[in-house]
Amino acid sequence: MKVLVLNSGSSSIKFQLFEGTGWQVIASGAVSRIGEAEGEVEYTWQVPDGPMQTGRQGIAIPSHQDGIDHIIAGLRAAGVLADLAELAAIGHRVVHGGERFHRPTLVDDAVVEAIREMSALAPLHNPANLDGILVARRLFPQVPSVAVFDTAFHQTMPRTAYRYAIPEYLYTRYRVRRYGFHGTSHHYVGERAAALLGLAFDQCNLITLHLGNGASATAIGAGRSIDTSMGMTPLEGLVMGTRCGDIDPAILFYLADQLGLNEPALDDLLNRQSGLLGLCGVNDMREIQRRAADGDDAAELAIGITAQRIKKYIGAYYAELGRVDAIVFTGGIGENDANIRRRSCAGLENLGIRLDEGANQSSARGERTISAADSRVRVLVIPTNEELAIARQALAAVAAAGGDS
Ligand code: ADP
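Structure report, in brief. (Residues numbered from 1 in each chain as written. Predicted model: local features only at pLDDT ≥ 70, side-chain atom pairs only at ≥ 80, totals over all residues. Heavy atoms only, no water.)

1. With respect to the site of the ligand
Every residue close to the ligand is listed here: Gly-212, Asn-213, Gly-214, Asn-283, Asp-284, Met-285, Arg-286, Gly-331, Gly-332, Ile-333, Asn-336 and Asp-337. Residue Arg-286 places a main-chain N or O atom 3.4 Å away from an oxygen atom belonging to the ligand. In the environment of the ligand, an oxygen atom lies 2.9 Å from a nitrogen or oxygen atom belonging to the backbone of Gly-332. Across the complex, the protein chains shield 66% of the 580 Å² of accessible surface that the ligand would expose by itself. For the shell around the ligand, the secondary-structure elements that each account for two or more residues are α10 (285-293) and α12 (331-336). No other element matches the four residues that α12 contributes to the shell around the ligand. Here the shell around the ligand is composed, by residue class, of two nonpolar, seven polar and three charged. (Near = heavy atom within 4 Å. Polar contact = N/O pair within 3.5 Å; in protein donor to acceptor, adjacent residues only side chain to side chain. Areas by Shrake-Rupley, 256 points an atom, 1.4 Å probe, with all protein chains shown as cover. Helix = DSSP H or I, 4+ residues; strand = E, 2+ residues; numbered from the N terminus. Nonpolar A, V, L, I, M, F, W, Y, C, P; charged D, E, K, R; others polar.)

Printed below as a string of structure tokens:
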């Protein structure tokens, strides 16, 4: 049995095809620039015992339906999916599940409507995610589709963590609250951390730091999300590639007044022109580290603000949890950037957090411990794998539903 994972964005669809017993990736790739004059299809695949192969095709892809057609045709041509009947499930990443979805959910008409309704909360993401679901259901009505939500893992937060101190009717009528995102990743690395610690996940207290272009921190108490840094939208919290994270909301009134900025301009400013990009002109952390090493003060400041914000959340979540078994770094920056990890944990020895600088700086890849032997709190680097998590959850949801859709 095979499981296909689709991550549909507004102009791209990323995919991975898993073989569902050993969970090997047998094909992966993306179609991009959907709707533009020149699109692109990229594939990597491997038939059993064969070499890894890659392919790329420049071609116009007018719609998501064409995109998925290309993916299936490519998988067939590569010999990794002879028949759609081999597909046990299609797992779809869906960004916003609101308060309705607490777990991966088999898609039916009511679920489609609910995801559509949630689009007001995630206008850039949910409609694109839904496109992928609608096309997959239309093209392969016999294959169960499962929606896996970025918000679901955080639905266990207590109301003291998810409510904002604003008038109650804004929550009850307009659903304004903290939802949190990256839930699939926090959950996945949390479970892997528990396995590395030799503990049951539901006995683990963890601080998980997903540091990629988007970044968020989560406090996991007894295996459940009890607080997370992203809020009603993915704008709140840590410093990100182009997003500001936490700021004083009154800055918005001031900018609207002083610069005459309207709502779309403010949205663009804080979501796409801020964060690392706003601080130093680039949002790629590798380039920022190179510039800082060459003496660029703006790059140095961007790194400093990023690390200080991470440290602040480590402290806050430590206080909320009371006891921390491990801190987990993941995402492109969390997995690869020893300097950010070192600066985020510096000076926390009295909290029982002490890095082994040799292990932190090592070029090792994969799951590893970077704390010193005498560190009370383990510090771990765990590469995230959201696609694998989605594939497993999709298959589990189908099995739980009795295998039918
Ligand atoms: P996304 O949120 O888009 O999935 P990723 O998790 O791939 O993002 O993370 C992207 C970030 O990771 C970029 O800022 C990139 O510069 C950074 N990154 C990737 N590799 C390294 C590295 N070796 N050292 C420092 N930063 C890295």
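2. Some words on empty space enclosed by the protein
Empty space among the atoms becomes apparent when a probe as large as a water molecule is rolled across them. Considering all chains together, one arrives at one cavity of 30 Å³ or more under this definition. Space inside the largest cavity adds up to approximately 80 Å³. Leu-211, Gly-212, Ala-215, Val-239, Met-240, Gly-241, Leu-276, Met-285, Thr-306, Ile-310 and Ile-333 are the residues that line the largest cavity. Looking at the lining of the largest cavity, its residues break down into eight nonpolar, three polar and no charged. (1 Å grid on protein atoms, 1.4 Å probe; cavity = no way out; pocket = protein on both sides within 12 Å on 5 of 7 lines; lining within 4 Å. Points joined across faces, edges and corners; volume = space filled by probe spheres on them.)

3. Comments concerning the packing of aromatic side chains
In the structure shown here, the tally under the stated rule is six aromatic pairs. Arranged with centres 6.1 Å apart and planes meeting at 65°, the rings of Phe-18 and Trp-23 form a pair that is edge-to-face. Residue class for Trp-23 comes out buried when judged on its relative accessible area of 18%. In this structure an aromatic cluster arises from ring pairing among Phe-15, Tyr-43 and Trp-45. For Arg-177, the ring lying beneath its charged end belongs to Tyr-162, and the centroid distance is 3.6 Å. (Phe/Tyr/Trp six-rings, centres within 6.5 Å; stacked < 30°, edge-to-face > 60°. Buried < 20%, exposed > 50% of the residue type's maximum accessible area, 1.4 Å probe, protein only. Lys NZ or Arg CZ within 6 Å of the ring centre and 35° of its normal.)

4. Overview of the sheet that holds strand β11 (residues 224-228)
Sheet architecture is open: six strands sit in the order β11-β10-β9-β12-β14-β13, paired in mixed fashion. In the strand order of this sheet, the two ends are held by β11 and β13 (368-369), each with one partner. Pairing of strand β9 (residues 206-211) with strand β10 (residues 215-221) involves six bridges; the strand directions are antiparallel. In the strand pairing of β10, His-210 is matched with Ser-216. Sitting on the sheet, helix α13 (residues 338-345) is in contact with β9, β12 (326-330), β13 and β14 (378-381), with an inclination near 150° to β12. (Pairing = 2+ DSSP bridges. Contact = heavy atoms within 4.5 Å. Axes fitted to C-alpha atoms, helices over the stretch in contact; angles between N-to-C directions.)

5. Examining the pattern of salt bridges
Applying the stated rule across the entire model yields 17 salt bridges. As a salt-bridge pair, Arg-286 and Asp-284 come within 3.3 Å of each other at their nearest N and O atoms. Asp-284 gets classed as partly exposed once you look at its relative accessible area, which sits at 32%. A salt bridge links Glu-300 to Arg-343, with the shortest nitrogen-to-oxygen separation between them at 3.0 Å. With a gap of 43 residues between them, Glu-300 in helix α11 (residues 297-321) and Arg-343 in helix α13 connect regions that are remote in the sequence. (Salt bridge = Lys/Arg side-chain N within 4 Å of Asp/Glu carboxyl O.)

6. With respect to the environment of Gln-393
By the element assignment, Gln-393 lies in helix α15 (residues 386-400). Along the backbone, Gln-393 and Ala-147 are 246 residues apart, and their C-alpha atoms lie at a distance of 9.3 Å. With sequence-adjacent residues up to four places away left out, Gln-393 is seen in contact with Pro-104, Val-148 and His-187.

7. Looking at the pairing of β9
Among the six residues in β9, six count as buried, and that is most of the element. In β9, alternate side chains face the same way, and those of Leu-206, Thr-208 and His-210 on one face and Ile-207, Leu-209 and Leu-211 on the other are all buried. The pairing of β9 with β12 spans five bridges and is parallel. Bridging across to β12, Leu-206 finds its partner in Ala-326.

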